[in-house]
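This is what each chain is made of:
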Amino acid sequence: MSQRLSEHASIDLMDLADIGGTNAQNNSGWLSMQSYARAMAYVEIGTWNAGDDLDECRFQQATDSSGTSAKDLTTDASGGNYDTDNPVDADGDFVVLEVRGEDMDADNEFDHIRLYVAEGGNSGTDNVAGVVIRYGYAYPKKAVQGAASTGSQVYVDINT
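Below you will find a few notes about this structure. (Residues numbered from 1 in each chain as written. Predicted model: local features only at pLDDT ≥ 70, side-chain atom pairs only at ≥ 80, totals over all residues. Heavy atoms only, no water.)

A closer look at the pairing of strand E4 (residues 38-48)
Note: E4 against strand E9 (residues 94-100), seven bridges, orientation antiparallel. Each residue of the ladder has a partner; that of Arg 38, found in E9, is Arg 100. Relative to strand E11 (residues 126-135), E4 runs antiparallel, the two sharing nine bridges. Bridge pairing in E11 places Ala 41 opposite Val 132. (Pairing = 2+ DSSP bridges. Helix = DSSP H or I, 4+ residues; strand = E, 2+ residues; numbered from the N terminus.)

Brief notes about the side chain of Asn 127
Turning to its location among the elements, Asn 127 is positioned in strand E11. Ignoring sequence-local partners within four residues, the contact set of Asn 127 consists of Leu 16, Ala 17, Asp 18, Glu 44, Ile 45, Gly 46, Thr 47 and Trp 48. (Contact = heavy atoms within 4.5 Å.)

Considering unusual backbone geometry
Of note in this structure, Ser 69 is not a glycine but carries a positive phi near 60°. By secondary structure assignment, the location of Ser 69 is in the loop between strand E5 (56-62) and strand E6 (71-72). Even without being glycine, Glu 109 reaches a positive phi, approximately 65°. Within the secondary structure, Glu 109 is located in the loop between E9 and strand E10 (112-119). With relative accessibility at 60%, the residue Glu 109 sits in the exposed group. (Buried < 20%, exposed > 50% of the residue type's maximum accessible area, 1.4 Å probe, protein only.)

Re the pattern of salt bridges
Scanning the entire structure with this criterion turns up seven salt bridges. With a closest N to O distance of 3.5 Å, Glu 102 and Arg 100 form a salt bridge. Given the relative accessible area of 60%, Glu 102 is considered exposed. A salt bridge links Asp 103 to Arg 100, with the nearest nitrogen and oxygen atoms 3.2 Å apart. Judged by relative accessible area, which is 35%, Arg 100 ranks as partly exposed. (Salt bridge = Lys/Arg side-chain N within 4 Å of Asp/Glu carboxyl O.)

Comments concerning the sheet that holds E4
The strand order E1-E11-E4-E9 describes an open sheet built from four strands, whose pairing is antiparallel. What marks the edges here is a single partner per strand, and that holds for strand E1 (9-18) and E9. With direction set aside, neighbouring strand axes in the sheet form an average angle of 15°. (Axes fitted to C-alpha atoms, helices over the stretch in contact; angles between N-to-C directions.)

Set out below in structure tokens:
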């Protein structure tokens, strides 16, 4: 018996934003990883100035939904998980980041993540968008993403 992806995954969007500017940033907000096994982020560059780079692209972790004790989970540096020696820097370029729940600092009760992206320079418009997918929910249920609501939160399955 197989499960629908919607029974054990949750999708969170990071708004499209112009992050051009001194450490202008965009992030997903803090998301609970409690009961999720893994998370994946997809970041894509839109309209982008050729002279700029996506300088920072990483998952961070925290102890609660307000970002308490935030620290990096993945790295963005020369030779890091996101290698800033070879950054994405053109319309349509993308980054995929993946982490597991066991990668988090559970000993110190870190159980929230967020996707963080930033561009440190500014020579014009630097649009970026992203999505975080948390999956492997330990307690599959009909609507992990949220309860269905007519005209607002809709689930469609051809086999039902």
